[in-house]
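Here are the chains, one letter per residue:
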Amino acid sequence: MSILQTIDLKKYYGTEPNITRALDGVNFSVEQGEFVGIMGASGSGKTTLLNCISTIDTATSGHINLNGKDILEIKEKEIARFRRENLGFIFQDFNLLDTLTIYENIALALTINKQSANQIDGKVQDIAGQLAIRDVLAKYPYQVSGGQKQRCACARAIINQPQLILADEPTGALDSNSSRNLLETMQDMNRRMGATILMVTHDAVSASYASRILFLKDGQIYKELLKGKHDNRHFFNQILDIMAELGGVQDDVR
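Everything numeric in this text was worked out from a predicted model, so none of it was measured. (Residues numbered from 1 in each chain as written. Predicted model: local features only at pLDDT ≥ 70, side-chain atom pairs only at ≥ 80, totals over all residues. Heavy atoms only, no water.)

Trainee: Before we move on, can you summarise the overall build of the protein with the specific residues and values?
Mentor: Secondary structure summary: the protein contains 8 helices and 10 strands in total. Compactness check: the protein gives a C-alpha radius of gyration of 18 Å against a globular reference of 18 Å for 254 residues, within 12% of the reference. Buried residues in the protein amount to 48% of all 254 residues. Looking at the protein alone, contacts between residues at least 24 apart form 69% of all its contacts between residues at least 6 apart. Carbon and sulfur atoms provide 46% of the accessible area of the protein, an area that totals close to 12100 Å². (Helix = DSSP H or I, 4+ residues; strand = E, 2+ residues; numbered from the N terminus. Rg over C-alpha atoms; globule rule 2.2 N^0.38 Å. Buried < 20%, exposed > 50% of the residue type's maximum accessible area, 1.4 Å probe, protein only. Contact = heavy atoms within 4.5 Å. Areas by Shrake-Rupley, 256 points an atom, 1.4 Å probe, with all protein chains shown as cover.)

Shown next as structure tokens:
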């Protein structure tokens, strides 16, 4: 079952004759329970694509269907609620609130949705246990490690059981050990908790944890790569081969 589907998605900036076609007819779908990576060289449109899906930016034309509802047809006053109820986010810089404890950061979305204190506590304790951060729930973000902050961000992203989790360069601010721990956590969220994840990354190691990679070039899908039964190392090498075709693995400036 497709959770997400983009149809002839376009995002143009500027006016003739100086138009930038950041997205130029993107078509793909994400099945429920998939872990999909989006890659591409600098300027390929991958961050623009994530921003359009996340409702941070608005596409010029086309369709973005999330669980059968076209995001582009949602009224502006309903966007915030739609985002809160259907999307989870994992950001590069954590985006945790320093004045709230780890517990309160995770619980925030549930509090906004007016769930009862007992419901909130049960859900927070459960997700914190699954992500091995129950022992730091009373601490503030500045008191815990980068890896614990990112696991807090993962807990916050999945606590509402969103239709789709969007991750934008989630390992960008982490060292190699914390990056591996985070990616293993995300893979576990996908496999054990059934989370559907769409991750933008320029890093082939991070991408190798996904089950499928979409490569963008000049605002269009250039190639698709399935992991199948291959291990991460084999998949990593396949990713590198395609990135070499694309001309590099620099970060996207858009």
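Trainee: Go over the environment of R81, please, and point to the residues and values.
Mentor: Inspection of the secondary structure puts R81 in helix α2 (residues 76-86). Counting along the chain gives 32 residues from R81 to N113, while the straight-line C-alpha distance between them is 9.3 Å. A polar atom in the side chain of R81 sits 2.9 Å from the side chain of E85. (Polar contact = N/O pair within 3.5 Å; in protein donor to acceptor, adjacent residues only side chain to side chain.)

Trainee: Tell me about the side chain of S179, and please be specific about residues and values.
Mentor: Along the chain, S179 falls in helix α6 (residues 176-192). A relative accessible area of 12% means that S179 is categorised as buried. Beyond its immediate sequence surroundings of up to four residues, S179 is in contact with T171 and L174.

Trainee: I'd like a rundown of the packing of helix α3 (residues 102-112) against helix α5 (residues 146-158), residues and numbers included.
Mentor: Here α3 crosses α5 at 25°, and the two axes come no closer than 7 Å. Compared by their axis directions, α3 and α5 come out roughly parallel. Crossing of α3 against α5: the hand is right-handed. Here I102, N105 and I106 of α3 lie close against α5, whose contacting residues are C152, A155 and R156. (Axes fitted to C-alpha atoms, helices over the stretch in contact; angles between N-to-C directions. Parallel < 35°, antiparallel > 145°, perpendicular 65-115°, else oblique. Left-handed = near helix turned anticlockwise from the far one by under 90°.)

Trainee: An account of the nonpolar core is needed here, citing residue identities and associated values.
Mentor: Counting residues in each nonpolar core, the largest one holds 46 residues, and the members touching the most others are I106, I133, I165, M186, I213, F215 and I239. Apart from the residues lying within four places of it in its own chain, the contact partners of F215 are M39, Q220, I221, Y222, K223, L225, I239, I242, M243 and L246. Judged by nonpolar contacts, the second largest core, of 28 residues, contains C52, F82, L214 and L216. (Core = buried A, V, L, I, M, F, W, Y, C linked by side-chain atoms within 4.5 Å.)

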